[in-house]
Amino acid sequence: MSAGVYTIVCEKGSSFRMDITYTNNDGTPVHLGGFHARLDVRRSRTTNSRLIARLDTDNGHIQIPAPETGEIVLAMPSGETIDLPEGDFFYDLLVWQDITQPDMSMNREVVRVIEGNFVVRSGVTQL
């Protein structure tokens, strides 16, 4: 299944939250029990370009609150979005699970869920 393409807009200095429901082609939710997730925002579409932001399940900026529903929550507090540079960037969201094979070796199963542009916009009013 190909990754969905979506433009994410993040407003500098505002709390950021985006809820995603990851589903199969037939619309049923993908069970995300045991999965991890990471979203990198970069200046260009290459892995060696400047990293603007990283959201993942390890740093708490990505949560999978109800694995059976396929729900993925992306979030950053306003104190972190204020430090993001304004501009148009690129992102993709990967989910993965590590599977132990019968020979006890590990296999990482990775899926790109969505990808696209990540736009950081500045506001006028500040608190």
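The preceding data block contains the structure.
Residues numbered from 1 in each chain as written. Predicted model: local features only at pLDDT ≥ 70, side-chain atom pairs only at ≥ 80, totals over all residues. Heavy atoms only, no water.

Draft legend 1. Just the packing of aromatic side chains, in detail. Following the criterion strictly, the structure yields two aromatic pairs and no others. Ring centres of Tyr 91 and Phe 118 lie 6.4 Å apart, and the angle between their planes is 70°; this geometry places the pair in the edge-to-face category. Taken together, the residues Tyr 91 in strand E8 (residues 87–100) and Phe 118 in strand E9 (residues 106–121) connect sequence positions 27 residues apart. Taking relative accessible area as the criterion, Tyr 91 reaches 3% and is therefore assigned buried. Among the aromatic residues, those joined into a cluster by ring pairs are Phe 16, Tyr 91 and Phe 118. (Phe/Tyr/Trp six-rings, centres within 6.5 Å; stacked < 30°, edge-to-face > 60°. Helix = DSSP H or I, 4+ residues; strand = E, 2+ residues; numbered from the N terminus. Buried < 20%, exposed > 50% of the residue type's maximum accessible area, 1.4 Å probe, protein only.)

Draft legend 2. Main features of the nonpolar core. Counting 29 residues, the largest nonpolar core has Phe 16, Leu 39, Ile 72, Leu 74, Leu 93 and Phe 118 as its most contacted members. Listing elements by their share of this core, those giving two or more residues are strand E2 (8–11), strand E3 (16–21), strand E4 (36–42), strand E5 (51–56), strand E7 (71–76), E8 and E9. (Core = buried A, V, L, I, M, F, W, Y, C linked by side-chain atoms within 4.5 Å.)

Draft legend 3. Structural detail: the pattern of salt bridges. One pass over the structure, following the stated rule, counts seven salt bridges. With its nearest N and O atoms 2.7 Å apart, the salt bridge here joins Arg 54 to Asp 40. With Arg 54 in strand E5 and Asp 40 in strand E4, the pair connects residues that are 14 residues apart, well separated along the chain. Asp 40 gets classed as buried once you look at its relative accessible area, which sits at 14%. One salt bridge connects Asp 98 with Arg 108, and the closest N-O pair in it is separated by 2.8 Å. Taken together, the residues span a long stretch of sequence, with Asp 98 in strand E8 and Arg 108 in strand E9 at a distance of ten residues. Relative accessible area serves as the criterion here: at 34%, Asp 98 is assigned to the partly exposed category. Connected through salt bridges with shared partners, the residues Asp 40, Arg 42 and Arg 54 form a single ionic network. (Salt bridge = Lys/Arg side-chain N within 4 Å of Asp/Glu carboxyl O.)

Draft legend 4. Up close: the layout of surface pockets. Its volume calculated, the largest pocket comes out at about 390 Å³. Residue lining of the largest pocket: 16 residues in total, with Asp 40, Arg 42, Thr 47, Asp 92 and Arg 112 positioned closest to the centre. Residue assignment for the lining of the largest pocket shows that the elements contributing at least two residues are E4, E8 and E9. When residues in the lining of the largest pocket are grouped by element, the largest group, five residues, is from E8. Of the residues assigned to the lining of the largest pocket, the class counts are five nonpolar, three polar and eight charged. (1 Å grid on protein atoms, 1.4 Å probe; cavity = no way out; pocket = protein on both sides within 12 Å on 5 of 7 lines; lining within 4 Å. Points joined across faces, edges and corners; volume = space filled by probe spheres on them. Nonpolar A, V, L, I, M, F, W, Y, C, P; charged D, E, K, R; others polar.)

Draft legend 5. Layout of the sheet that holds E7. As summarised here, the arrangement of the three strands in space is E3-E7-E6, forming an open sheet in which the pairing is antiparallel. The open sheet terminates on both sides in strands that have one partner only, identified here as E3 and strand E6 (62–63). Where E6 meets E7, two bridges bridge the pair, whose relative direction is antiparallel. In the strand pairing of E7, Gln 63 is matched with Val 73. (Pairing = 2+ DSSP bridges.)

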